[in-house]
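Letter by letter, the chains look like this.
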Amino acid sequence: MARGGRNQERLRWSKLYTFACLRPTVLLDNEHRHSLQGPGYSRIVHCNQPGSHRKKPLKYPTNYISTTKYNIVTFLPKAIFEQFRRVANLYFLLAALLSLTPVTPFSAVSMIAPLAFVVGLSMAKEALEDWRRFMQDVKVNSRKVSVHRGEGHFGYRHWQKIRVGDIVKVEKDQFFPADLLLLSSSYADGICYVETMNLDGETYLKVKRSLEVTLPLDDDAAFSNFTATIRCEDPNPSLYTFMGNFEYEQQVYALDPSQILLRDSKLRNTAYVYGVVIFTGHDSKVMQNATQSSSKRSKIEKKMDKIIYILFTFLMLISLISSVGYAVMTKFGMPHWWYMQPNKTSYIYNASEPALSGFFHLVTALILYGYLIPISLYVSIEVVKVLQATFINQDLHMRDGETGNPAQARTSNLNEELGQVDTILSDKTGTLTCNQMDFLKCSIAGVSYGVDSSEVEIAAAKHFASEASGTSEQHSSTHDFWENSRSGVGSSEIELEDGNTSMVEKPQKPATRGFSFEDDRLMQGNWTNEPNAGIILLFFRTLALCHTAIPEPNEKTGGFTYEVESPDEGAFLMAARQFGFEFSKRTQSSVFVRERYSASEDPLEREFKVLNLLEFNSRRKRMSVIVRDDTGQILLLCKGADSIILDRLSRNGRVYERDTIKHLNEYGEAGLRTLALAYRVLGESEYSAWNAEFLKAKTTIGPDREAELERIADMIERDLILIGATAVEDKLQKGVPQCIDKLAQAGLKIWVLTGDKMETAINIGFACSLLRQGMKQICLSMETSDILSQDIKKAAKENILMQITNASQMIKLEKDPNAAFALIIDGKTLTYALDDDLKNQFLSLAVNCASVICCRVSPKQKALVTRLVKEGTGKTTLAIGDGANDVGMIQEADIGVGISGVEGMQAVMASDFSISQFRFLERLLVVHGHWCYKRIAQMICYFFYKNIAFGLTIFYFEAYTGFSGQSVYDDWYMLLFNVILTSLPVISLGVFEQDVSSEVCLQFPALYQQGPRNLFFDWYRIFGWMGNGLYSSIAIYFLNIHIFYNQAFRAEGQTADMAAVGTAMFTCIIWAVNLQIALTMSHFTWIQHLFVWGSVATWYLFLVAYGMSSSLISGNGYQILLEALGPAPMYWAATLLVTLACNIPYLAHISFQRAINPLDHHVIQEIKYFKKDVEDQHMWKRERSKARQKTDIGFSARVDAKIRQLREKFQRKVSSLSIQTQS
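Residues numbered from 1 in each chain as written. Predicted model: local features only at pLDDT ≥ 70, side-chain atom pairs only at ≥ 80, totals over all residues. Heavy atoms only, no water.

Visitor: What is the right way to read the pairing of strand 28 (residues 673-682) from this model?
Guide: Along any regular strand the residues' side chains alternate between the sheet's two faces. Counting buried residues in strand 28 gives nine out of 10 residues, a clear majority hidden from the surface. Pairing analysis gives seven bridges linking strand 27 (residues 634-640) to strand 28, with the strands arranged antiparallel. If you follow I634 over to strand 28, its bridge partner there is L682. Sheet analysis places strand 28 next to strand 29 (residues 721-732), joined by seven bridges and oriented antiparallel. Bridge pairing links Y679 to I721 in strand 29. (Buried < 20%, exposed > 50% of the residue type's maximum accessible area, 1.4 Å probe, protein only. Helix = DSSP H or I, 4+ residues; strand = E, 2+ residues; numbered from the N terminus. Pairing = 2+ DSSP bridges.)

Have a look at this one:
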């Protein structure tokens, strides 16, 4: 492979950075060498010698990764174990084994075949889903990267074939295939830019820098004879730490995280880098953060096991009754029944050993009454869930219009769990945000510019105007006022009454990415006419100069594109360009800006000498650049968090402070992200003295170097003069605020877990209305070093416990009913909060807060927080994310949802469901989750009802016939009952049932709470259905026996035999259970009509066909319908009477409930049926206003707070006017 070559200008970008690129130095002694003795530091890497690591003791794993549950060896044992975790399957396995004995009442095939079919089908589904995961793994493992093959030659190799010690060359915009030590880059000083969004969620680029000694390794040929040794820490999940030594040319160099390139991060703004592989495959830090893929079961399925236990206990009870009855009959009754030939004994019947006969009859009874436990339930549920998943996959409302990506149910086991979610744990970057900032407003010299409004301002103003005009609706209908005035070019998005959205065209200028500012006072050079034009000029120059961006010419547009470290910088540079100050060039020591003061003038390029650049970091919360302009004046330009900048203003620099603070608060209330801008003019002597001290600190060797640099930087960043402030809109993904608002109205709690710094996470919280002005923020944080002694750890824990206790007490004592609390915690504090002795107090505090934001958290911590919420609350959790850093929490949550976005597919591969954008989560939960929960719950309850109604009639008949083990039904009837005659109606219930339409689900989000409250699968409803089955079995059996027992049922005087009674009884069962399911359904399609009434028709067709078959096949069923029962009016009258007797109580119950104590969906159904939603809009809107859970988060809650604020202002104004009038 040819040499890539250095950048032509050989720019040393490291000189831009004061803090990020501290150069490691050679360690000539042991003073600063990392101590790597003892456990945890045994890793030895022989660079450029991958063969050395293929044998012990250095036998490191390959770079192959797997996210599957099974492999070829483990599939059968693990899959079989999964199937027989189901209690019913264990019972039927036992029954199948017993069917091989002589005491079985049925043939062995009739018991073994259904079990094999059910288990085999479920295992095939598991294999298919895991195969999809395997194919995703194959895609990742088959990626290619350039690897050193020897003698300075590089060639492409699959990721999975990379070994520890390999030298790899990664090119721009490629992912790193393993954890690497950076050796050199396309830049002369060995720096590179890395995007770690997949690891920690941060969008701004990180700067990495190689060791000085490896800089000559700048082309392929340089590696022909390269050898070195790395001694470092063992594989671990910490993304932010690394400790090791690099031994090269008889010198030892300390390594730290600034030289490490982690797998799944991406190379940006750098043509290429060379690196040596340190950790591969599951040893890499991103895979160390992955948790074991666990087998997930829904809460309904787990509860179903408990029902099976109850039914099995009941089965054992009636089997024991039958066994005891048989033993009693054997000893005392049968010896006197001469026609039974009591002298012929066997192990099944022996009057002298009734206990033994009773025991063998127990086995017979266990198999005979097995219909109480429906084996077809599981296979029916599997079929229903697969069809439900198909509907989710094909829902056009969850298909991304831009990419065409549909929603995908990657497993169908958890469909109903979607309807029972209590807490959502969400990643931020790529999930809530789309990594784009828009410049919207600014404050310069105490004057606010920018006439465009945020969504919060638009909705609140519209609602308040409607109140003032007397056309007010309830506050809870504020979600109708969603309007995105900048979504698309010249369009607004407004939610309609049916829950859909409509695009309303309005004239706008063409949109510029990153710039949504509108104000003619500053555009087209009009700013020169403003009173403070000089301050405005400084504002624009600060935007154009105070950054670390690199411009690249764009041949298509003739302008420039900017390689920036953060989206904020991109928005500021776009704004500067639109205002007429275009950043055009950067050299080693200068920045060039093309300035245009009016639209008619040609741009004038000015050069600014960059003397120093003090970049942003999370501790400083500010950035400064010191430049010399073309007049020779030295300026310090600074931007940063307003709290930091305002504290550093000089006494004479606060002229605009009061007005600027007012504007900052207004921007914050509007959900905008703010920074303050300030400047300072430096004298030559002052700057020279400071710079000498600064250079001295920069060349210092020792652990205090960075702290000293920060101290000296702090000295010059004081006595500033305030220029103004910026307000940018952190562009969320389309529909995110609306989705969060709807989910909040549905009663769901939302936590945000992000690797971003606290300030960024808080801004996003405001943007998507998880935070709002007036919400009391509880910030848990601590400042300690990474390595803590036991005493310091104890003190830290005590400090955190005190913070948690104080915050909990504050919430408890709060008396304002509208007060809301937000909990914000960083990763370092979270490390202690998740310890066993603190986690319960932390969780208790968190659940009492309206929203929770965890910042700077590692992937492992995301998983641990998810586990804490899941296990601590005992409620259903859903985790959603888009990157490799989210895999742990996606696997740990009850439901994992992956965003199939631009960056990688790791989250999707580990997920249970995938969607292309966060906004589709609303429909996935509120519509499909609600439907699936109710469908599955009703389906299971009905299944137990029909099997109890059927199975107990067998017990009654056996008791009626001296516990003989005789079944009243023909074997074919029993075989067809669950397989044909009642299977399709219940499947149609599980697939097509809708209590309300999808539009109504979205309009009435509070309906979703029926799932988390488990209204349709609580013990009251389960036992109610069981009781219904018990009543139906009694009605069916005893009414039929009473009708047919003592009288002729035909005109010719014939009495009914067992075949006629059994067939009549079975007909009543088929009618009763199918009419019952028809009464249960709220929504009918032609398919349901076909399945329900078709099942009844199928029974009669079967009777005709069975009766017409040879008597050798049909036996006592020969011509049973056409000749025996069909001509008898009593048969048809009994069918009608028994069917009505079974279903009238249920009909009375639901009629009473709808009239006296209706559920929410009952009210909505009646409104829709009588078309009151069209005829009586006021009532419809009133009902909609009730259909929202009270919440302190979301857009509606934010608008309500804004309305309260406006109303208070209005009342104060009215009061002051009244006082003035009276005076």
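Visitor: Even after reading the chapter, I still don't get the sheet that holds strand 7 (residues 191-195), so can you show me in this structure?
Guide: Within a sheet, each strand pairs with its neighbour through backbone hydrogen bonds, oriented either parallel or antiparallel. Spatial strand order, 8-7-13: three strands in an open sheet with antiparallel pairing. Pairing within the sheet leaves two strands with one partner each, and these edge strands are strand 8 (206-209) and strand 13 (266-268). Between one strand axis and the next, the sheet turns through 45° on average, direction left out of account. Where strand 7 meets strand 8, four bridges bridge the pair, whose relative direction is antiparallel. Its bridge partner lying in strand 8, Y193 is registered against V207. (Axes fitted to C-alpha atoms, helices over the stretch in contact; angles between N-to-C directions.)

Visitor: Can you walk me through the nonpolar core in this structure?
Guide: Where a protein is soluble and globular, its nonpolar side chains tend to be buried together. Formed by 107 residues in total, the largest nonpolar core has its most connected members in Y969 and W1099. By residue number, the principal contributor to this core is helix 24 (residues 920-960), which donates 17 residues. Apart from the residues lying within four places of it in its own chain, the contact partners of W1099 are Y973, L981, T1063, F1066, T1067, I1070 and Y1131. Core analysis: the second largest hydrophobic core is formed by 58 residues, L743, A820, F913 and L1002 among them. (Core = buried A, V, L, I, M, F, W, Y, C linked by side-chain atoms within 4.5 Å. Contact = heavy atoms within 4.5 Å.)

Visitor: In this structure, what is going on with helix 34 (residues 1160-1169)? I would like to understand it.
Guide: One full turn of an α-helix is made of 3.6 residues, so residues set three or four places apart face in the same direction. For helix 34, the full list of buried residues reads H1161, H1162, I1164, Q1165 and I1167. Of the residues one or two after helix 34, K1171 is the one with positive phi, at around 60°.

These figures come from the coordinates and say nothing about function on their own.
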